[in-house]
Amino acid sequence: MKSKIIMISLIGLMAFVIVGCSNNVSEDKGKDGKIVLSPNSDDIKGKVLFDSAHGQTAGSADWVINGGFSDFADALTKENYEVTDLGFNQLLEYNKMKNYDLVVIPEANNPLKASEQDAIEQYVKSGGSILMVSDHYNADRNFNRYDSSEVMNGYRRGAFDNPTKGMTSEESASEKMNGVESRDFLNEVFGLRFRYNALGNIKVDDLADEKDSFGITKGVNAVSMHAGSTIAITDPNKAKGIAFVPNLSKDDAWNHAVDQGIYNGGGKDEGAYIAISKAGEGKGAFIGDSSMVEDKSPKYKREDNGETKKTYDGFKEEDNQKMIMQIVEWLNNKEDNKDFSSMDIQLDDKTPLLNFEEPENSSEAEKEPWGTPKQGYKWFDASTYASGSYGATDEKQSNESNSDSKDSSTSSNSNKQEDQGNQSEFDMPTSVQKQEKFEITVHVDESKLVNQKFQLSIKNKDGQEVGMFNGQAPGVSDSVNPKINNGVTDWYFKTKIANEADNEVDVEVLSGGNVIAKTTMQVE
């Protein structure tokens, strides 16, 4: 009898190991969505912690290690790094971070508390490494008035004297805003700031010399940007750019930029796309666009409306993966130097700044938030999150996620409307209210474009234009040069519907004066 019990126990243990292992990696799950991916190796190169507690899955983002950042996580485990997801409802605390060699903060949409800023500073100056991945200005994904660049910089543009400026009393009093204070954080600690610019689709191939980048740029020819920002070097002794955008014109600005988009005409004066920093015993690295790191395998539903997300294979574009993994390699190597001044590298010049970039002089370029959240959704209250979204309080979350499969991004639901005749696809709400801000993403075959450009029209059946793009009167959108993924356009328009709209309107994609795709939308 005893031998039978032992045999059953061994079988159970074997089954657990088989279930918990995939591609020589074991996965353990813990409280609040915490995940640990451990290589089945005794030679662990380092331990990496991913922050997922600051709105990294808001809107269409899915920047978690089992979702839209899973290719990055897989690459790390293949290099024998142990990878941990912090989980939701957590804080970045020194006593947690000190157990890891590297902490990754992907595009945060909820602000860091003063205690978290202090913990990050203590962690880095004590020898830890940090990697922050930001995005362009006005990328507020959960309508809380904070962009990732503002979160990481430590203050809201135009609200340095009051972080809760413009918020409702309920937002201001929420736990998410408790302990949030304005501070010129990245400038003080790392000698840099994310700029509030917004650049479009850019091939970035102006790279620092291998010697001056500590080998990070070795073998890298170019990396990609798809709507991103740059980084101002404010203290060259602490911070250094290793990738810079080329000279740019106004046409290279992101189509939805709320100010001039491009601040200094591109080049090194625009700031670095990727920068590194030496702060005390530790290090930092900073990237101005999440598109460089993401993959096309989102796991969770949108928290505001429960719709399926769509992400893209940025990690595999250009030499993005090689650059990112070599950044990790540098961050994981410990050095005694306290800053760059004592190291044998060419130091940068300070980035020339515009007057409004000083925190005290900053102002909102456009009233925030840019859109209207779905009724009932509150960014600070997980009980209002849709089923299947990350951190939702219902028990269906893990079962109603998009999919564990790498092909999950190909699934469809009510917010995707496909015109079979034109082989085109629109990602948009099935219905909207008049004067409600929303987005329409257009996917059409590249071969249909004339001069690689298109426009969007929303109109009544009688031809009256009722789409209001970029705050303008009803009319056709500006002509844009869209991002192309695998021969298909990937571009979204911010718009709202005028009061003159009928109950059903036509949505048309125009190129060269011709309609190349068409669908309809209901107006409430």
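The structure contained in this document is the topic of the report that follows. (Residues numbered from 1 in each chain as written. Predicted model: local features only at pLDDT ≥ 70, side-chain atom pairs only at ≥ 80, totals over all residues. Heavy atoms only, no water.)

On to the overall build of the protein chain. Counting secondary structure elements, the protein chain contains 8 helices and 25 strands. Taking all 524 residues of the protein chain together, 57% fall into the buried category. By sequence separation, contacts in the protein chain at least 24 residues apart represent 73% of the contacts at least 6 residues apart. Element-wise, carbon and sulfur atoms account for 44% of the exposed surface of the protein chain, whose accessible area totals about 21,600 Å². (Helix = DSSP H or I, 4+ residues; strand = E, 2+ residues; numbered from the N terminus. Buried < 20%, exposed > 50% of the residue type's maximum accessible area, 1.4 Å probe, protein only. Contact = heavy atoms within 4.5 Å. Areas by Shrake-Rupley, 256 points an atom, 1.4 Å probe, with all protein chains shown as cover.)

On to unusual backbone geometry. In this structure, the amide linkage connecting Glu368 to the following residue, Pro369, adopts the cis form with an omega of 0 degrees. Within the secondary structure, Pro369 sits in the loop between helix H8 (320-332) and strand E16 (416-419). Phi angles above zero are rare outside glycine, and Asn138 is one such case at about 70 degrees. The topology assignment puts Asn138 in the loop between strand E7 (129-133) and helix H5 (148-153). Assessed through its relative accessible area of 7%, Asn138 is described here as buried. Even without a glycine there, the phi angle at Arg145 is positive, about 80 degrees.

On to empty space enclosed by the protein, then. All chains considered together, the criterion is met by 2 cavities of 30 Å³ or more. Here the largest cavity is characterised by a volume of approximately 60 Å³. Considering the residues around the largest cavity, the lining is formed by Asn153, Tyr155, Arg193, Phe194, Arg195, Tyr196, Ala232, Tyr263, Leu353, Phe356 and Glu357. Residue classes in the lining of the largest cavity are distributed as 7 nonpolar, 1 polar and 3 charged. As a volume, the second largest cavity reaches approximately 50 Å³. Taken together, Pro111, Leu112, Gln117, Tyr146, Glu150, Val151, Gly154, Tyr155, Val180 and Glu181 make up the full set of residues lining the second largest cavity. (1 Å grid on protein atoms, 1.4 Å probe; cavity = no way out; pocket = protein on both sides within 12 Å on 5 of 7 lines; lining within 4 Å. Points joined across faces, edges and corners; volume = space filled by probe spheres on them. Nonpolar A, V, L, I, M, F, W, Y, C, P; charged D, E, K, R; others polar.)

Looking now at the sheet that holds strand E20 (residues 455-459). One open sheet accounts for 4 strands, arranged E18-E25-E24-E20; its pairing is mixed. Each edge of the open sheet carries a strand with a single partner, namely strand E18 (431-432) and E20. (Pairing = 2+ DSSP bridges.)

Before going further, it helps to spend a moment on the packing of aromatic side chains. If you walk through the whole model with that rule in mind, you get 21 aromatic pairs. Joined through ring pairs, the aromatic side chains of Phe50, Trp63, Phe69, Phe72 and Phe315 make up one cluster. Cation over ring: Arg156 sits above Tyr146, and NZ or CZ is 5.8 Å from the ring centre. Sitting over the ring of Tyr137, Arg157 keeps its end group 4.6 Å from the ring centre. (Phe/Tyr/Trp six-rings, centres within 6.5 Å; stacked < 30°, edge-to-face > 60°. Lys NZ or Arg CZ within 6 Å of the ring centre and 35° of its normal.)

Considering all chains together, one arrives at 34 salt bridges under this definition. Residue Arg156 is joined to Glu368 by a salt bridge in which the shortest nitrogen-to-oxygen separation is 3.9 Å. Taken together, the positions of Arg156 in the loop between H5 and helix H6 (169-172) and Glu368 in the loop between H8 and E16 put the pair 212 residues apart, joining distant regions of the chain. The class for Glu368 is buried, based on a relative accessible area of 9%. The closest approach of N and O atoms between Asp184 and Arg193, which form a salt bridge, is 2.8 Å. (Salt bridge = Lys/Arg side-chain N within 4 Å of Asp/Glu carboxyl O.)

We now examine helix H2 (residues 70-78). Burial analysis of H2 places 7 of its 9 residues in the buried class, which makes it a mostly covered element. For H2, the full list of buried residues reads Ser70, Asp71, Phe72, Ala73, Ala75, Leu76 and Thr77. Where H2 is buried, its residues touch strand E2 (25-29), strand E3 (35-39), strand E4 (46-50), strand E5 (81-85), E7 and H8. Asn80 lies just past H2 and shows a positive phi near 70 degrees.

So, about the nonpolar core. Of all hydrophobic cores here, the largest spans 52 residues; its most connected members are Phe72, Leu131, Ile274 and Met323. A total of 7 residues in this core trace back to one element, the largest contributor, which is H8. Excluding its chain neighbours within four sequence positions, the residues that come into contact with Met323 are Leu207, Ile216, Thr217, Val220, Val223, Ile242, Ala243, Ile274 and Met292. With 43 residues, the next largest nonpolar core counts Leu92, Ala119, Met177 and Tyr385 among its residues. (Core = buried A, V, L, I, M, F, W, Y, C linked by side-chain atoms within 4.5 Å.)

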